[in-house]
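Observations on the model geometry
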Amino acid sequence: MMLVPTHHFRDIERKPEYLQPEKCVPPPYPGPVGTMWFIRDGCGIACAVVTWFLVLYAEFVVLFVMLIPSRDYVYSVINGIVFNLLAFLALASHGRAMLTDPGAVPKGNATKEFIESLQLKPGQVVYKCPKCCSIKPDRAHHCSVCKRCIRKMDHHCPWVNNCVGENNQKYFVLFTMYIALISLHALIMVGFHFLHCFEEDWTSLLQGSGVTRAASAEARVPPQDKKQPRKVRATECSSFSPPTTVILLILLCFEGLLFLIFTSVMFGTQVHSICTDETGIEQLKKEERRWAKKTKWMNMKAVFGHPFSLGWASPFATPDQGKADPYQYVV
Ligand SMILES: [Zn+2]
Ligand SMILES: [Zn+2]
């Protein structure tokens, strides 16, 4: 039998007399089996809607400001396919991260019958959550937004309006990865667009005269079109007026930079915490390691599924985690 040093923040939950099973009543009905998991949190729902809106805004600017007006069909088609595929995967990952039960512990299961059914040995300690009246497995934490105890809870993310835990961490990691990728892709396309389309406009602006612009525009059109140089230039670069185009592109740049930084840092942190098998909360609370140490590869497989395949990158492939008994208590 291993003696585990007590942690001050768990003291109250560790005292056997605090369990008080008689005070816990079973939930009124067996629980929402088969129903969709969705957290009814106003702030989280607003953040999730904003996320979708921002992706759709980027989608709009990329398609209607940059790619469709472009005359280079090969460039447009290739970039259009790549960007749309990444955006679709990002939104699909977001949807799955939001609608997947992150690993909720059954509410109100700290009943006398349940504790007896665990057949605890003398001296064995179980954790009980005083807030949702459940016996929580090791490494579970209570989330005040979800109002539930979540297995291997990492953090509650308002952007996906859900906790990131044992069952949906894969989708959350994919979400951060695909958002980082579309942000990078959008920034590269904006860079190319500025290089190709605004070179002359900037020069003429700096020189304070329309001579350069008119001359360069005239030089770029075939001789038969020389009567309408402006019209040709406009359709080549954007179907919007130049000021609108610049504003739309600058906003996209700002959004892309912000999200590239935010999501790539998040992605790195998540992969690190998966490899070291230590959740965000455990790192924050500097919890002592009570669980077995495994290799980085084994930890990755535990989250993304066995064995390694293309399914790791797909938000539609539910990871086969080969779960251990969730009620493994510390002895
Ligand atoms: Zn709880
Ligand atoms: Zn939560």
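Residues numbered from 1 in each chain as written. Chains lettered and ligands numbered in written order. Predicted model: local features only at pLDDT ≥ 70, side-chain atom pairs only at ≥ 80, totals over all residues.

**Comments concerning the overall build of the protein**
The number of helices and strands found in the protein is 11 helices and six strands. Put simply, the protein has 331 residues, and 33% of those count as buried. (Helix = DSSP H or I, 4+ residues; strand = E, 2+ residues; numbered from the N terminus. Buried ≥ 20, exposed ≤ 12 C-beta atoms within 10 Å, placed from the backbone.)

**Brief notes about the nonpolar core**
Counting 55 residues, the largest nonpolar core has Ala90, Phe175, Tyr178 and Ile182 as its most contacted members. Sorting the residues of this core by element identifies α2 (42-67), α3 (73-99), β1 (127-129), β3 (140-143), β4 (148-151), β6 (162-164), α5 (169-197) and α9 (242-275) as the ones contributing at least two each. A total of 14 residues in this core trace back to one element, the largest contributor, which is α5. (Core = buried A, V, L, I, M, F, W, Y, C linked by C-beta atoms within 7 Å.)

**Description of the environment of Ala292**
Mapping Ala292 onto the fold places it in the loop between α10 (280-285) and α11 (296-304). Assessed through the 8 C-beta atoms surrounding it within 10 Å, Ala292 is described here as exposed. When the C-alpha positions of Ala292 and Asp277 are compared, they lie 9.5 Å apart, and in sequence the two are 15 residues distant.

**Some thoughts on unusual backbone geometry**
Keep in mind that most residues, glycine aside, have a negative phi and that most peptide bonds are trans. Cis rather than trans, the peptide bond between His306 and Pro307 has omega equal to -15°. When you line up the elements, Pro307 lands in the segment after α11. The backbone phi angle of Cys133 is positive, close to 55°, even though this residue is not glycine. As for its placement among the helices and strands, Cys133 is situated in the loop between β1 and β2 (134-136). The class for Cys133 is buried, based on 20 C-beta atoms found within 10 Å. One non-glycine residue, Asp277, lies in the positive phi region at around 55°. In this fold, Asp277 is placed in the loop between α9 and α10. Assessed through the 21 C-beta atoms surrounding it within 10 Å, Asp277 is described here as buried.

**A word on α9**
Since there are 3.6 residues in each turn of an α-helix, residues three or four apart along the chain are aligned in direction. Its 34 residues place the ends of α9 48 Å apart at the C-alpha level, agreeing with the 50 Å of an ideal helix rising 1.5 Å per residue. Taken residue by residue, α9 has Thr245, Leu249, Leu252, Gly256, Phe259, Thr263, Met266, Phe267, Gln270, Ser273 and Ile274 as its buried positions. Each element contacted by the buried residues of α9 is listed here: α2, α5, α10 and α11. Within two residues after α9, Asp277 carries a phi angle of roughly 55°, on the positive side. (Expected span 1.5 Å × (residues − 1). Contact = placed C-beta atoms within 7 Å.)

**Topic: the pairing of β3**
Here β3 runs beside β4; their pairing, made up of four bridges, is antiparallel. Directly across from His142, in β4, lies its bridge partner Cys149. (Pairing = 2+ DSSP bridges.)

**Notes on the packing of α2 against α5**
Between α2 and α5, the shortest axis-to-axis distance is 11 Å and the interhelical angle comes to 25°. Comparing their axes, α5 and α2 come out roughly parallel. Regarding α2 and α5, the two cross each other, and that crossing is left-handed. For the pair α2 and α5, the contacting residues are Ala58, Val62 and Met66 in the first and Ile182, Ala186, Met189 and His193 in the second. Residues belonging to the contact of α2 with α5 are distributed by class as follows: six nonpolar, one polar and no charged. (Axes fitted to C-alpha atoms, helices over the stretch in contact; angles between N-to-C directions. Parallel < 35°, antiparallel > 145°, perpendicular 65-115°, else oblique. Left-handed = near helix turned anticlockwise from the far one by under 90°. Nonpolar A, V, L, I, M, F, W, Y, C, P; charged D, E, K, R; others polar.)

**Comments concerning the UniProt feature "transmembrane region" (unreviewed entry) in the protein**
In this numbering, the UniProt entry assigns the feature "transmembrane region" (unreviewed entry) to residues 45-67, 73-92, 171-195 and 246-267. Within the segment residues 171-195, helix and strand shares are 100% and 0% respectively, and the terminal C-alpha atoms sit 36 Å apart. Secondary structure content for residues 246-267 is 100% helix and 0% strand, while the C-alpha to C-alpha distance between its ends is 31 Å. (UniProt positions renumbered as here; feature names shortened; annotations may be inferred.)

**Considering the confidence of the model for the protein**
Within the protein, residue pLDDT values average 81, and 75% of them lie at 70 or more. Segment residues 1-17: pLDDT under 50, and 16 contacts once partners within four positions in sequence are set aside and those in other chains are kept. (pLDDT = per-residue confidence, 0-100.)

**Some words on the environment of Pro307**
Given 9 C-beta atoms within 10 Å, Pro307 falls into the exposed group. Along the primary structure Pro307 and Pro319 are separated by 12 residues, whereas in three dimensions their C-alpha atoms are 9.4 Å apart.

**With respect to the environment of Pro319**
Following the sequence through the fold, Pro319 ends up in the segment after α11. On the basis of neighbour count, Pro319 is assigned to the partly exposed category, with 18 C-beta atoms found within 10 Å. Put simply, Pro319 and Lys170 are 149 residues apart on the chain and 7.8 Å apart in space, counted from C-alpha to C-alpha. Excluding its chain neighbours within four sequence positions, the residues that come into contact with Pro319 are Lys170, Val303, Phe304 and Gly305.

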